[in-house]
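Structural overview
Chain by chain, the residues run as shown.
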Amino acid sequence: MDRDQFRQLVIEQFRLGQDSAHFEDHWLRVEAYGLHLGRLYRADLEVIRLFALLHDSQRFEECYDPEHGPRAARFAELHCGKSFSLEPPQLELLTEACRDHDRGFTHRNATIACCWDADRLDLDRVCIAPDPNYMSTGEGKRLALKRAWDRQKEAGIRIS
Ligand SMILES: [Fe+2]
Ligand SMILES: [Fe+2]
């Protein structure tokens, strides 16, 4: 299965519909922020791409759904080796990043740090200002203090 086919599969199984704040537009912005951060910190860009696609893909509830991270981690494990390929250490990073992404932790591993910062930099889509205190990277902290418009421009996000 190539990357586009897997993306399509993930989109088709998403349960919350087109208008969800946790759907594809969010995934694409998380990918853009994540790649911006990941290039700066020499993180694993493949893990970041997969995190962006998968981390919210197993939400069953729009608002309160504390198990959506662990579910995303299990979905990643299930599809690794079938729908995409990662080395075992990469899969470990991806599953930890997915499992704990909404717990408010920071992380010292560059790849997980970039994944979590990328997700939190898109919080203003739900009217929550990104908070530098919850960012793991210096660049994440810097971007968190910018207005959404400027932040998205810096990360190369096309504003629709
Ligand atoms: Fe989430
Ligand atoms: Fe998210």
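Our subject is the structure listed above.
Residues numbered from 1 in each chain as written. Chains lettered and ligands numbered in written order. Predicted model: local features only at pLDDT ≥ 70, side-chain atom pairs only at ≥ 80, totals over all residues. Heavy atoms only, no water.

What about the coordination of the iron ion (ligand 2)?
This is how the line gets drawn: Only nitrogen, oxygen and sulfur atoms count as donors, using a 2.8 Å cut-off from the metal that widens to 3.2 Å for Na, K and Ca. Water is left out, so coordination shells may look unfilled. All geometry calls rest on donor angles, where a four-donor set with angles between 85 and 135 degrees is tetrahedral, four- and six-donor sets with opposite donors more than 155 degrees apart and all others between 65 and 115 are square planar and octahedral, and all else is irregular. Helix and strand definitions follow DSSP, with helices as H or I runs of at least four residues and strands as E runs of at least two, each counted in order from the N terminus. Between buried and exposed lies partly exposed: a residue is buried under 20% and exposed over 50% of the maximum accessible area for its type, with that area taken using a 1.4 Å probe on protein chains only.
Those protein atoms acting as donors to the iron ion (ligand 2) are His 26 (NE2), His 55 (NE2), Asp 56 (OD) and Asp 119 (OD), and they sit at 2.2 Å. Given 4 donor atoms and angles of 86 to 178° at the metal, the environment of the iron ion (ligand 2) is assigned as irregular. Each donor residue of the iron ion (ligand 2) belongs to the same chain, and together they define the spacing H-x28-H-D-x62-D. In this structure, the iron ion (ligand 2) lies 3.8 Å from the iron ion (ligand 1), and both are coordinated by Asp 56. One end of the pair, His 26, is in helix H2 (residues 24-40); the other, Asp 56, is in the loop between helix H3 (45-54) and helix H4 (68-79), and 30 residues separate them in sequence. Comparing His 26 with Asp 56 shows no difference in burial state: the two are buried.

Let's talk about the coordination of the iron ion (ligand 1)
The iron ion (ligand 1) binds to the protein through Asp 56 (OD), His 68 (NE2) and His 101 (NE2), with metal-donor distances spanning 2.0 to 2.2 Å. Summarised as a motif, the one-chain spacing of the donors to the iron ion (ligand 1) is D-x11-H-x32-H.

Observations concerning the environment of Ser 85
For Ser 85, the location among the structural elements is in the loop between H4 and helix H5 (88-99). For Ser 85, a relative accessible area of 64% translates into the label exposed. A sequence separation of 64 residues divides Ser 85 from Trp 149, and the C-alpha atoms of the two residues are 35 Å apart.

What to know about the pattern of salt bridges
Stated formally: Here, a salt bridge means any side-chain nitrogen of Lys or Arg that lies within 4 Å of a carboxyl oxygen of Asp or Glu.
Counted according to the given criterion, the structure contains 15 salt bridges. The partner of Arg 29 in a salt bridge is Asp 122, with the nearest N and O atoms 2.6 Å apart. You can see Arg 29 sitting in helix H2 and its partner Asp 122 sitting in the loop between helix H6 (110-121) and helix H7 (138-144), a full 93 residues away along the chain. This pair shows no difference in class: Arg 29 is buried, exactly as Asp 122 is. Arg 142 is paired through a salt bridge with Glu 139; the nearest N and O atoms lie 2.9 Å apart. Taken together, the residues span about one helical turn, with Arg 142 and Glu 139 both in helix H7 at a distance of 3 residues.

Re the packing of H3 against H5
In plain terms, the rule: Whenever a helix is involved, its axis is fitted only over the stretch in contact; in every case the axis is a line through C-alpha atoms, and angles between N-to-C directions fall within 0 to 180 degrees. When the near helix sits turned anticlockwise from the far one by under a right angle, the crossing is termed left-handed; a clockwise turn instead gives a right-handed crossing. What makes two residues a contact is simply this: any of their non-hydrogen atoms within 4.5 Å. Note on residue classes: Ala, Val, Leu, Ile, Met, Phe, Trp, Tyr, Cys and Pro are nonpolar, Asp, Glu, Lys and Arg are charged, and everything else, Gly too, is polar.
H5 packs onto H3 with a crossing angle of 35° between their chain directions and a minimal axis gap of 10 Å. Judged by the sense of rotation from one axis to the other, the crossing of H3 with H5 is right-handed. Counted together, Glu 46, Val 47, Leu 50, Phe 51 and Leu 54 of H3 and Gln 90, Leu 93, Leu 94, Ala 97 and Cys 98 of H5 form the full contact between these two elements. When the residues that make up the contact of H3 with H5 are grouped by side-chain class, the tally is 8 nonpolar, 1 polar and 1 charged.

Examining the packing of aromatic side chains
Just so we agree on the cut-off: Note on ring pairs: Phe, Tyr and Trp rings are taken, using the six-membered ring of Trp, and paired if centres are within 6.5 Å. Classes follow the plane angle, with under 30 degrees stacked, over 60 edge-to-face and the rest tilted. Whether a charge sits over a ring comes down to the Lys NZ or Arg CZ being within 6 Å of the ring centre and within 35 degrees of the ring normal.
On inspection of all chains with the given rule, the structure shows 5 aromatic pairs. By way of ring pairs, the aromatic residues Phe 6, Phe 75 and Phe 84 are connected into one cluster. Looking at Arg 71, its charged tip hangs above the ring of Phe 60, at a distance of 3.7 Å from the centre.

Section: the packing of helix H1 (residues 3-13) against H3
Heads up, the rule is: Convention used here: angles under 35 degrees read as roughly parallel, angles over 145 as roughly antiparallel, angles from 65 to 115 as roughly perpendicular, and any remaining angle as oblique.
Running from N to C, H1 and H3 point in directions that differ by 25°, and their axes come no closer than 10 Å. One element, H1, and the other, H3, form an angle in the roughly parallel class. Where H1 approaches H3, its residues Arg 3, Phe 6, Arg 7 and Val 10 are matched on the opposing element by Glu 46, Arg 49, Leu 50, Leu 53 and Leu 54. Residues of the contact of H1 with H3, tallied by class, amount to 5 nonpolar, no polar and 4 charged.

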